[in-house]
Amino acid sequence: MRDVLVYGGFDLGIEAVHLEQPAEHRRRLDVAVGALLIECKRDLRPATARTEAERQIGDYLAAKAGAGARYLGILTDGVSWHLYRWTTTGLGHLATFVIDPTHVDDRRFRWWLGSILATEVALEPTADLIAARLGATSPSFALTRSTLQQVLAAARQSPGVAVKRQLWAKLLRSALGTQFEDSDTLFVDHTYLVVIATLIGHAVMGFDLVHGAYPPSVLLSGQLFEQAGILGVGDAGFFDWVLEQPEGVDVVLDLVRRVRVFRWAGVEHDILKVLYQSVIAPAVRKRLGEYYTPDWLAVAMVDRVVTDPLHQRVVDPACGSGTFVFHAVRRYLDAADRAGLPPTDGVAGVVERVFGIDLHPVAVTLAQTTYLLAIGSDRLRQRPRRLSIPVYLGDSMRWELAADEGTFTSTGDIVLTTDDGRGGLFDTELRFPASVVRDVARFDTLVRELVERATHRTPGSAVPAVEGLLQARAVPDVDRPMVRATYALLCQLHDAGRNHIWGFYIRNQARPAWLSQPGNQVDVLLGNPPWLAYRYMPPSQQQIFAKRVRERGLWEHGRLTTGQDLAAFFVIRAIELYLRAGGTFAFVMPRAVLSRQTYAAFRAGRYRGTPQFAVAFDTPWDLGAVDPAPFPVPACVVSGRLADEARPWPATVEVWRGRPPSGPDTGTLRRDGGVVQSIDHSRIESSPYQERFLNGATLYPRTLVTVVAAPPTPLGTPEGLRAVRSRQTRLDKPPWKDLPAQVGTVESIFVRPAYLGESVGPFRLLAPVDAIIPYDGTRLMSGDDDRLDRYPGLAAWWRWAEETWATHRASERLSLLERLDYVHGLSSQFPVAPWRVVYTASGNTLAAAVVEDPWGIVEHKLYWTAVTSQDEGRYLTAVLNAPIISEMVKPYQSTGAFGPRDFDKYVWRLPIPLFVATEPLHRELVQLAERAEAVAETVAVIPGAKFQQVRRDIRVALRDDGVETALNGAVGRLLQGPTVSSAPSG
């Protein structure tokens, strides 16, 4: 162990590693290096050996508690490495690294151990190394997250912490709708990211972090940047709450130590993207709709619309971590170099030309640092005396305002509310005169100085005069009463313990409003707006969204309502607010914009705003053929200009094809002409079967309700009972996959076959799974139902399941039974019909079969309906399994990374008639289905084979038999459409 530490590249001298250190109870600690204690064991695999070793390292760490350092402990047998810390509740396990002896990856091991030691210097900050040393899998992150959670619990009652948490949640709820979950974990993760990004920003600027010259309160306040003449960066904003507790100060000092080991000079901006994507779990980013634009696409869009960078003013109103801002800044600076502008003039000019706005506080901090990275350390050394980084945390849509309302008064003064939603003191307005708002640097400086004066006075004391400050900042005499009143309110906020954040808040809210004023509007808008569906918006946002969209003539009624997306309104609202006449725009949008009826009014190019306005669309880019897709949802790029006359959506598109590059060069991609046909859903005549088919039960989490047979006991199982244990698969997700298997004995009548999406092939049912369903023939029973006690086995299992659900669910408010029976997906199946038809809710090709199981239930990955006879069932499966149907449904489907994905009830938008037993064509389809069933049954199912392969084998057999071609012909005649040749299988 000593040799690994001394000679493993950790920049430790032999004198820093101490062996056999005396410890409590006459024991000796194997290895100590700084605040890291290491115990080496021969073999930690036996449970007793691990337990005893943990007790030992726990004793060592407990003895060090309160020693003034954050001691960590490692247990290792050379193969498994376990990291611990001592907490108020005992020994806490933080992380584990296991070496594969057959394939030793010494680099990753050294990264893992190095993130704990943080002793090296001048490491190259590559994406992989950043993720390994600071990302979610690093022990550094595990330690910091654990400590921050404790700090938050201790600081929760602080008024200052409370207001920052409230404003953070308010902004994210506006940006992300109901997909945002206000959790301690997310707040802590965001805090970690912002503190890290803030420290990196200091390192990029060359501030010396090596010797701990600056206290955390200085590093998170932006003071060093301000002293260097740079405003609008380096302030942790909502996230300096960590400094309210001594242990939080220690956390920041520890992060300084971990950041300073890297050589940050010249690092590129995508490092911050990598860090964010590492820390925030993919499932969380998917739920929040957080996807970053690849560099090659951002560069292509900047090239398309920023045609005169030295003279165009550019805004990204949803800038995220700053990808578009980065490339727009670089495009300006490259043009400045070609024009021979001195570096000082180039830096001064770019901050007057390229702006970013976002509602996400973490993204804004990353984008502000990204802006510095785009300018580069060499140019920053030649910056002008005062420099304000123009990336703002703000509501670029100004949701609460109609087009004819404003944050500005008629004279150009800015008005900001401090309303925190609770009434009283904070339902008050902060006002600033137009004379100071116009000058970005002067306004930022004045706001910071007013807040500092308010913060450093004695609470409750008289409001001191600020005449010298007003004189220094050249505030006109006529405007000074307004500034004095605002200062008095800032003093009141400080006295109530809700100070400091307001300077950060004012600066960031004011600038987006200023950019929307006539004369301040910009030449170019570009970016990737939020893709937030109406159904995921909170009710208050839905009301505002519906009102604003109706005002502009974009609203769609009926079944299209819930699918309407914020993206189209965002683009229109951004044009309305920020784009000057004749200005150009380019935005990444969902590919559905190209064809869906939901976006028909958007594509028309004329909108009923106040006043009315029009855009002239250019040829859009269709990114659907880029493989792999740059986003989980297929995308396109919309561009055009604000014009006097509307130019509706062109009939053609530019289709991008090929494999996306890893960098900014798009040379590997081809661009071909193409056509996308718009779909007018209002003219579609639905099938009468549409209302009859229902979605199945939400059997989630499956580990709580699906089971397999448990091994028999020596005494056997009593009659009428089933010995079962939880069914666990590799597809289970955290936290459910990490739970131990539950074993029990449950009454047989409550163990039912459950047909999953994978249980259905064309014309054939595959194996169902067993599920515990608490239905007694009369009703579904929850854990507090007295009837449940009549069945002791079920009662024990179900109450365990409900308790486990309540413990591990995220912010779900439904009980377990309510979750299973969501929108009556389970209860609607009782009593079970003798014949049912089921079909798959998603995939590339529909699969359908008849279910004749009187005991089985259907899960939500399937749609089902009861049928009156076996013949009607065969008629429907003949129609649904015909390849022509999958082809005809494609225009209605959303498209995923692997092609069209969701069938849902789109299939019933085809004119499929009700079954009539006497209709000859219907009888033909019944006979073809019976023949297809016989063919499907001949296909051998190899144990362990994936269901996708079984489906493919069945389709091959149907094609070889000729029945598939016959089905296509008959269904084509049924729908009075052309007979389509057999579609590719898969």
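Per-chain numbering applies: the sequence of each chain, read as written, is numbered from 1 onward. Restriction of local features to residues with pLDDT of at least 70 applies here, the model being predicted, together with a cutoff of 80 or more for giving and counting side-chain atom pairs; totals for whole chains, interfaces and linings are based on all residues. The side-chain figures draw on all heavy atoms in the structure; neither hydrogens nor water molecules are used.

Student: Even after reading the chapter, I still don't get the overall build of the protein chain, so can you show me in this structure?
Tutor: Of regular secondary structure, the protein chain possesses 33 helices and 35 strands. A total of 986 residues make up the protein chain; the buried ones form 55% of that total. Where helices and strands are cited, they refer to DSSP runs of H or I of at least four residues and of E of at least two residues respectively, numbered from the N terminus. Burial here depends on accessible area, computed with a 1.4 Å probe over protein chains only, as a share of the maximum for the residue type. Under 20% is buried, over 50% is exposed, and the range in between is partly exposed.

Student: Whenever I open this one, the environment of Thr 486 confuses me. Can you help?
Tutor: Looking at where Thr 486 falls in the secondary structure, it is placed in helix α21 (residues 480-495). On a C-alpha basis, the gap between Thr 486 and Arg 431 in space is 6.0 Å, while along the polypeptide they are 55 residues apart. The contact definition used throughout considers only heavy atoms, calling two residues in contact when any of these lie within 4.5 Å. For Thr 486, the residues in contact, after removing those within four places along its chain, are Leu 430, Arg 431 and Phe 432.

Student: Please clarify how the packing of helix α7 (residues 184-204) against helix α16 (residues 361-375) should be interpreted in this entry.
Tutor: Two quantities define a packed helix pair, namely the angle between the axes and the distance from one axis to the other. Interaxial distance between α7 and α16 falls to 9 Å at its minimum, and their mutual angle equals 15°. On the basis of the axis angle, α7 is roughly parallel to α16. In the crossing of α7 with α16, the sense of the turn from one axis to the other is left-handed. On α16, the residues that touch His 190, Leu 193, Val 194, Ala 197, Thr 198, Gly 201 and Val 204 of α7 are Pro 361, Val 362, Thr 365, Leu 366, Thr 369, Leu 372 and Leu 373. Tallied by class, residues from the contact of α7 with α16 come to nine nonpolar, five polar and no charged. Axis geometry follows a simple rule: fit a line to the C-alpha atoms, using only the stretch in contact for helices, then measure angles between N-to-C directions, giving values from 0 to 180 degrees. Angle categories: roughly parallel below 35 degrees, roughly antiparallel above 145, roughly perpendicular from 65 to 115, and oblique for all the rest. Crossing handedness: left-handed means the near helix sits turned counterclockwise from the far one by under a right angle, and right-handed means the same turn made clockwise. By the convention adopted, Pro, Cys, Tyr, Trp, Phe, Met, Ile, Leu, Val and Ala count as nonpolar, Lys, Arg, Asp and Glu as charged, and the other residues, Gly among them, as polar.

Student: Sorry if this is basic, but what is going on with the nonpolar core here?
Tutor: Across soluble globular proteins, you tend to see nonpolar side chains buried next to one another. Nonpolar cores are built from buried Ala, Val, Leu, Ile, Met, Phe, Trp, Tyr and Cys residues. Side-chain atoms within 4.5 Å join them into one set. Membership of the largest hydrophobic core comes to 113 residues, with the highest contact counts inside it found for Trp 168, Trp 241, Leu 297, Val 329, Tyr 371 and Ile 389. The biggest single contributor to this core is α7, with 13 residues. With 70 residues, the next largest nonpolar core counts Leu 515, Met 589, Val 638 and Leu 642 among its residues.

Student: For this particular structure, what's the right way to read unusual backbone geometry?
Tutor: Trans peptide bonds make up the majority, and among non-glycine residues the majority have a negative phi. Of note, the bond from Tyr 700 into Pro 701 is cis; its omega dihedral lies within 30 degrees of zero at 0°. As for its placement among the helices and strands, Pro 701 is situated in the loop between β22 (694-695) and α26 (702-705). A cis amide bond, omega 0°, links Pro 734 with the succeeding residue Pro 735. Within the secondary structure layout, Pro 735 lies in the loop between β24 (721-726) and β25 (743-747). Its identity is not glycine, yet His 824 carries a phi of approximately 60°, on the positive side. Note on placement: His 824 falls in the loop between α28 (816-820) and β30 (836-840). Residue classification places His 824 among the exposed positions, given a relative accessible area of 54%.

Student: How should I be thinking about the packing of helix α29 (residues 870-881) against helix α33 (residues 963-974) in this particular structure?
Tutor: Between α29 and α33, the shortest axis-to-axis distance is 9 Å and the interhelical angle comes to 100°. One way to sum up the angle between α29 and α33 is to call them roughly perpendicular. Touching Tyr 875, Ala 878 and Val 879 of α29 are Leu 967, Val 971 and Leu 974, all from α33.

Student: Hey, could you run me through the sheet that holds strand β31 (residues 848-851) in this one?
Tutor: The strands that make up a sheet are held in pairs by hydrogen bonds between backbone atoms, and each pair lies either parallel or antiparallel. Any two strands between which DSSP finds at least two bridges are classified as paired. Across the sheet, which stays open at both edges, the four strands sit in the order β22-β33-β30-β31 with antiparallel pairing between neighbours. Bordering the open sheet on either side are β22 and β31, each of which pairs with just one other strand. As judged from the four bridges shared by β30 and β31, these two strands associate in the antiparallel manner. Bridging across to β31, Val 837 finds its partner in Val 850.

Student: How should the sheet that holds strand β4 (residues 72-76) be read in this particular structure?
Tutor: Judged by pairing direction, the sheet is mixed, and its six strands sit side by side in the order β1-β2-β3-β4-β5-β6 without closing on themselves. A single partner strand is all that each edge strand has here, and the edge strands are β1 (18-22) and β6 (90-98). Strand-to-strand, the axes of this sheet are offset by a mean angle of 30°, without reference to chain direction. The pairing of β1 with strand β2 (residues 28-33) spans four bridges and is antiparallel.

Student: Any chance you could explain the pairing of strand β14 (residues 522-527) here in plain terms?
Tutor: Consecutive side chains of a regular strand alternate in pointing toward one face of the sheet and then the other. By the criterion of burial, β14 is predominantly enclosed, with six of the six residues buried. Note that β14 and strand β15 (residues 579-590) share five bridges and pair parallel. Residue pairing in the sheet places Val 524 in a bridge with Thr 584 of β15.

Student: Would you take a moment to explain the confidence of the model for the protein chain for this structure?
Tutor: Think of pLDDT as the predictor's per-residue confidence, scored from 0 to 100. Of the residues in the protein chain, 88% have a pLDDT of 70 or more, and the chain-wide mean is 84. Note on residues 420-427: pLDDT is under 50 here. Beyond four places in sequence and across chains, it has 13 contacts. In this model residues 680-684 is a low-confidence stretch, pLDDT under 50, and it forms eleven contacts with partners more than four residues away in sequence or in other chains.

Student: In this structure, what is going on with the packing of aromatic side chains? I would like to understand it.
Tutor: Centre distance and the angle of the planes are the two values used to describe a pair of aromatic rings. Pairing of aromatic rings covers Phe, Tyr and the six-membered ring of Trp, with a centre-to-centre limit of 6.5 Å; geometry is then stacked below 30 degrees between planes, edge-to-face above 60, and tilted otherwise. Taken as a whole and judged by the stated rule, the model has 30 aromatic pairs. Pairing Trp 621 with Trp 656 gives two aromatic rings, centres 4.8 Å apart and planes at 50°, and the pair type is tilted. Taken together, the residues Trp 621 in strand β18 (residues 621-626) and Trp 656 in strand β20 (residues 652-658) connect sequence positions 35 residues apart. Accessibility assignment for this pair places Trp 621 and Trp 656 in one class, buried. Aromatic ring contacts, followed pair by pair, group Phe 585, Phe 587, Phe 602, Tyr 607, Phe 613, Phe 617 and Trp 649 into a single cluster. In this analysis the charged atom, NZ for Lys or CZ for Arg, is taken to sit over a ring once it is within 6 Å of the ring centre and within 35 degrees of the ring normal. Just above the ring of Trp 621 sits the side chain of Arg 671; from NZ or CZ to the centre is 5.2 Å. Positioned above the aromatic ring of Trp 855 is the side chain of Arg 752, whose terminal nitrogen or guanidinium carbon lies 4.0 Å from the ring centre.

Student: It is not clear to me how the pattern of salt bridges should be interpreted in this structure. Could you clarify?
Tutor: Oppositely charged side chains can form a pair if their charged atoms are brought close together. Take a side-chain nitrogen of Lys or Arg and a carboxyl oxygen of Asp or Glu: if they are within 4 Å of each other, that pair is a salt bridge. Counting across every chain of the model gives 49 salt bridges. Linking Arg 657 and Asp 672 is a salt bridge whose minimum nitrogen-to-oxygen distance equals 3.0 Å. Of this pair, Arg 657 sits in strand β20 while Asp 672 sits in strand β21 (residues 670-675); the two residues are 15 residues apart in sequence, bridging distant segments of the chain. On the basis of relative accessibility, which here comes to 29%, the residue Arg 657 falls in the partly exposed class. Between Arg 692 and Glu 872 there is a salt bridge; the shortest N-O distance is 3.4 Å. Remark: Glu 872 occurs in helix α29 and Arg 692 occurs in the loop between β21 and β22; sequence separation between them is 180 residues.

Student: Which parts of the structure should I look at to understand the environment of Pro 512?
Tutor: Within the secondary structure, Pro 512 sits in helix α22 (residues 501-515). With 122 residues separating them in the primary sequence, Pro 512 and Pro 390 have C-alpha atoms 9.9 Å apart. Beyond its immediate stretch of four places on either side in the chain, Pro 512 contacts Ile 357, Tyr 392, Gly 394 and Tyr 578.

Student: What exactly am I supposed to notice about α29 here?
Tutor: Residues spaced three or four apart along an α-helix point in a common direction, a consequence of the helix completing one turn every 3.6 residues. An expected span of 1.5 Å times one less than the residue number is assigned to each helix. In this model α29 runs 16 Å from its N-terminal to its C-terminal C-alpha over twelve residues, within 8% of the 16 Å that 1.5 Å per residue would give. Three or more residues of α29 are buried, namely Glu 872, Gly 873, Arg 874, Tyr 875, Leu 876, Thr 877, Ala 878, Val 879, Leu 880 and Asn 881. In this fold, the buried residues of α29 make contact with β30, β31, β33 (862-866), α30 (883-889), α31 (920-937) and α33.

Student: Could you clarify how one ought to interpret the pairing of β15 in this entry?
Tutor: In terms of strand pairing, β15 meets strand β19 (residues 635-643) through seven bridges, oriented antiparallel. Each bridged residue has a counterpart across the sheet, and for Thr 584 the counterpart in β19 is Arg 641.

Student: Honestly, the environment of Ala 625 in this entry has me stumped. Any pointers?
Tutor: By secondary structure assignment, the location of Ala 625 is in strand β18. Overall, the relative accessible area of 28% leaves Ala 625 in the partly exposed class. Sequence-distant contacts of Ala 625, defined by excluding residues within four places in its chain, comprise Val 655, Trp 656, Arg 657 and Gly 658.

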